[in-house]
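Close look at the chain arrangement
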Amino acid sequence: MLMLQGLGVTLANITSGAHTSMKNWLIFVLKVCFITSILMLVGCGPSVDKNLHTPGIVYCSEGDPTSFNPQLTTNGTTTDASSYQIYNRLVEYDPALGSIVPALARHWFINEDGTSYTFYLRKNVKFHSNKDFTPTRDFNADDVLFSFNRVIDAAHPYHQVSGGSYPFFQSVGFTDIINKIVKVNDYMIVIHLTEKDASFMANLAANFAVIQSKEYADQLAAQNKQAQIDSKPIGTGPFVLDSYFQNDHIRYKPNLNYWNGAPAIEQLVFDITPKSTNRIAKLMTGDCDVSALPQSSEIDIIRQNKKLELQIQTGFNVSYLGFNTERVPFNEPKVRQALAHAINKRAIVEAVYYGSATIADSVLPSLSWAYNDALPPYEYNIDKAKALLAEAGYADGFEMTLWAAPVQRIYNPNAIKTAELIQGQLKKIGVEVKIVTYGWNVFIEKLNDYSYDSLLLGWTADNADPDNFFRPLFSCAALLSGGNRVNWCNDNFDETINQAIAFTDEKKRVPFYLAAQQSLNEQVPLIPIAHALRFQVKSRNISGMSLNPYGGISFAKAKRKAAVNQAGGAQ
């Protein structure tokens, strides 16, 4: 009888269970896939670089970063590889406390009318070194001015380096919000805003608001190597980039001079493993210690392995079916409303998320203090959908493209499968869907052309402020940054969310966000589908790894425990 090592079950009892339910059959198929993957890893495939895996910690990442500067993208893979490993921000968001906490700024003062922020900077913070650069000074105010002026000042010598696109900052209107940044002395700066903005501190704590080295930038400029600032990064974070091999791995060394305590591991490796089954297989064989984005269908497999720990966190995210609202027929709200009635969200959540998500009626999760629970949901109703299509002049339906990302994301574990389900559902109202996909980097690049009819995408918030859902996804400013994938610009909506951030009191902001959700519910630039739980898998002998509901991952406090039960049980 074949014993599936590490899974704790026999082929006989798997096959017996397979006859009892479709769920058990699915688990059986997945286990066979895992075994195949494990065999390939340990016996049949090319040998792995053992130096990758010991000593230190190996993280199985789902893909390559598009840059090592999170200012340049909202891509979660890039954020994971750079934001919390290489850099720091002035302030950070503590998900446990639910508040903004100090980072490179020790403390701050906000003036009475909320338009002036004074930051007192931390001293004795060292920048990284690499073979091309050795800093001669510590972090100071010049680095803060460089990092933010690069983003907001189109005339800044580094603004156009690496493309001149700063999607998060553009989507939240940083250029318009910040009037000027004043250096008072080396360890004190004042940021003057053009108007009060209650979301400003949350945006400074976002994954993208990292601080780079002005001294490094000056050296690169003198050598005419400006682009290296984003490909060979220098930061103040817990890890120093050592090497990067595309489609293979990223290696980091610990920053022994880290101001918040040097990491307790000898090295950190991002092992780039796009397939989820291969990531889980590597966890089982010990080739990875932590893995990103396990699929919902793999949860039972993970739970059966005593060496692995599944971390679960309620996610502040949303997956959606978005429409290119400037294209016919999607420029007609009635068409979008019709399609909303034709989408069976429950069927999608059950088939794609396996119970690891809740149905979304708003882009805001119901945990948000600004969630509008009074909105009438678009119930699944084919007759209503057909009637609305007829009213819009499309009684016979139409053809459309649906772009689906080829990779697993936190908010959607399988966009292709979601697309196939939607394809079948819309066929019932006469709408023929052609599914389109590309490689991940090409997919992201092509989105900027707005050459799609509709797309499956999503958003993971950087903090709990509701503005972080509305402004990056729907504001007119976000059109310029590429964050507004639904190509929708509504002046009344913009005015509503702008009024909301004029108040620091949450109670005063709530009515504006209720109105914003009412507007989205009527206009339907996108159909919210699901809010997904966030999962992370790690070996039980790894500690210091928390799961952030707002995305991003940090290994600053990660370490390996001394002993593990070799028989498979966790100590």
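Residue indices follow the written sequence of each chain, beginning from 1 at its first position. Since the coordinates come from a predicted model, pLDDT governs what is reported: local features require at least 70, and pairs of side-chain atoms require 80 or more to be given and counted, while whole-chain, interface and lining totals use all residues. Excluding hydrogens and water, the side-chain figures rest on all heavy atoms present in the structure.

Observations regarding the pattern of salt bridges
A side-chain nitrogen of Lys or Arg and a carboxyl oxygen of Asp or Glu constitute a salt bridge if their distance falls within 4 Å. Following the criterion strictly, the structure yields 18 salt bridges and no others. The salt bridge partner of D271 is K282, with a shortest N-O separation of 3.1 Å. Of the two residues, D271 sits in strand β12 (residues 268-272) while K282 sits in helix α10 (residues 276-285), which places them eleven residues apart along the sequence. Take D271 and K282: they sit in the same class, and that class is buried. Between R327 and D453 there is a salt bridge, with its nearest N and O atoms 3.0 Å apart. Note that R327 is positioned in the loop between β15 (317-323) and α12 (333-342) and D453 in the loop between α16 (440-447) and β19 (454-460), a separation of 126 residues in sequence. Taking relative accessible area as the criterion, R327 reaches 30% and is therefore assigned partly exposed. What emerges from the salt-bridge pattern is a single network uniting D142, K183 and D186. Secondary structure counts use DSSP, requiring at least four H or I residues in a row for a helix and at least two E residues in a row for a strand, with both numbered from the N terminus. Here's how the labels work: a residue is buried when its accessible area is under 20% of the maximum for its type, exposed when over 50%, partly exposed in between, all with a 1.4 Å probe on protein chains only.

Some words on the packing of helix α13 (residues 345-353) against helix α15 (residues 415-427)
Axis definition: a line fitted to C-alpha atoms, limited for helices to the stretch in contact. Angles are taken between N-to-C directions and run from 0 to 180 degrees. The N-to-C vectors of α13 and α15 enclose an angle of 150°; their axes lie 10 Å apart at closest approach. Judged by the angle between their axes, α13 and α15 are roughly antiparallel. The handedness of the crossing between α13 and α15 comes out as right-handed. Contacts between α13 and α15 involve A347, I348, A351 and V352 from the first element and K417, T418, L421, I422 and Q425 from the second. Oblique is the label for any angle not covered by the other classes, which are roughly parallel (under 35 degrees), roughly antiparallel (over 145) and roughly perpendicular (65 to 115). By convention the crossing between two helices is left-handed if the near helix lies anticlockwise of the far one by an angle smaller than a right angle, and right-handed if it lies clockwise. Any two residues whose heavy atoms approach within 4.5 Å at even a single point are treated as in contact.

Observations regarding unusual backbone geometry
Residue P329 is reached from V328 by a cis peptide bond, and omega for that bond is 5°. Within the secondary structure, P329 sits in the loop between β15 and α12. A positive phi angle, close to 60°, is found at N124, a residue other than glycine. Counting through the fold element by element, N124 comes out in the loop between β7 (116-121) and α4 (141-152).

Here we look at the pairing of strand β9 (residues 188-193)
Counting buried positions over the six residues of β9 gives five, a clear majority of the element. In this analysis, strands are considered paired if DSSP registers two or more bridges between them. Two strands pair when backbone bridges link them, and strand β8 (residues 178-185) and β9 are joined in this way by six bridges, in the antiparallel orientation. Bridge pairing in β9 places V182 opposite V190. Between the antiparallel neighbours β8 and β9 lie two residues.

Brief notes about the nonpolar core
Core analysis: the biggest nonpolar cluster contains 82 residues, and L90, F119, L121, I189, F200, F470 and F474 have the highest contact counts within it. Top contributing element to this core by residue count: α4, with seven residues. Other than its neighbours up to four places away in sequence, I189 contacts L90, Y117, T118, F119, L121, A141, V144, L145, I181, V182, K183 and V184. One finds I348, Y378, F398 and V524 within the second-largest nonpolar core, a separate group that totals 36 residues. In plain words, nonpolar cores are sets of buried Ala, Val, Leu, Ile, Met, Phe, Trp, Tyr and Cys residues tied together by side-chain atoms within 4.5 Å.

Let's talk about the state of the cysteines
To count as a disulfide, a pair of cysteine sulfur atoms needs to be within 2.5 Å. In this structure the tally under the stated criterion is two disulfides. The disulfide partner of C60 is C288, and the gap between their sulfur atoms is 1.9 Å. Taking the sign of the S-S torsion, 65° for the link of C60 and C288, the bridge is right-handed. Taken as a pair, C60 in strand β3 (residues 57-61) and C288 in the loop between α10 and β13 (290-292) lie far apart in primary sequence, 228 residues in all. Take C60 and C288: they sit in the same class, and that class is buried. Across the disulfide, C476 is cross-linked to C489 (sulfur-sulfur distance 2.0 Å). As the torsion about the S-S bond is roughly 100°, the C476-C489 disulfide counts as right-handed. Of this pair, C476 sits in helix α18 (residues 476-481) while C489 is found in the loop between α18 and α19 (491-500), placing the two residues 13 residues apart along the sequence. Under the relative-accessibility criterion, C476 is labelled buried at 17%.

Points about the sheet that holds β8
One open sheet holds the four strands; their spatial order is β6-β7-β9-β8, and the pairing between them is antiparallel. Sheet topology places β6 (105-110) and β8 at the edges, where each strand pairs with a single neighbour. Neighbouring strand axes in the sheet, compared pairwise and without regard to direction, differ in orientation by 20° on average. Where α4 meets the sheet, its contacts fall on β7, β8 and β9, and the angle it forms with β8 comes to roughly 165°.

Observations concerning the side chain of Q311
Residue placement: Q311 occurs in strand β14 (residues 308-314). Counted as a polar contact is a pair of N or O atoms within 3.5 Å, where, for protein atoms, one must be capable of donating a hydrogen and the other of accepting one, and residues adjacent in sequence contribute only when both atoms are in side chains. Within polar-contact distance, the side chain of Q311 engages the side chain of Q536 at 2.7 Å. For Q311, the side chain forms a polar contact with the main-chain oxygen of M545, separated by 2.7 Å. Among all residues touching Q311, those that are not within four sequence positions of it are R534, F535, Q536, K538, M545, S546 and L547.

As for the confidence of the model for the protein
One confidence number per residue, pLDDT, is output by the predictor and ranges from 0 to 100. Residues with a pLDDT of 70 or more make up 89% of the protein, whose mean pLDDT is 87. Every residue in residues 1-30 scores below 50 in pLDDT, and together they form 34 contacts with partners more than four places removed in sequence or on other chains. With pLDDT under 50 throughout, residues 564-571 is counted as low confidence; its partners more than four residues away or in other chains account for nine contacts.

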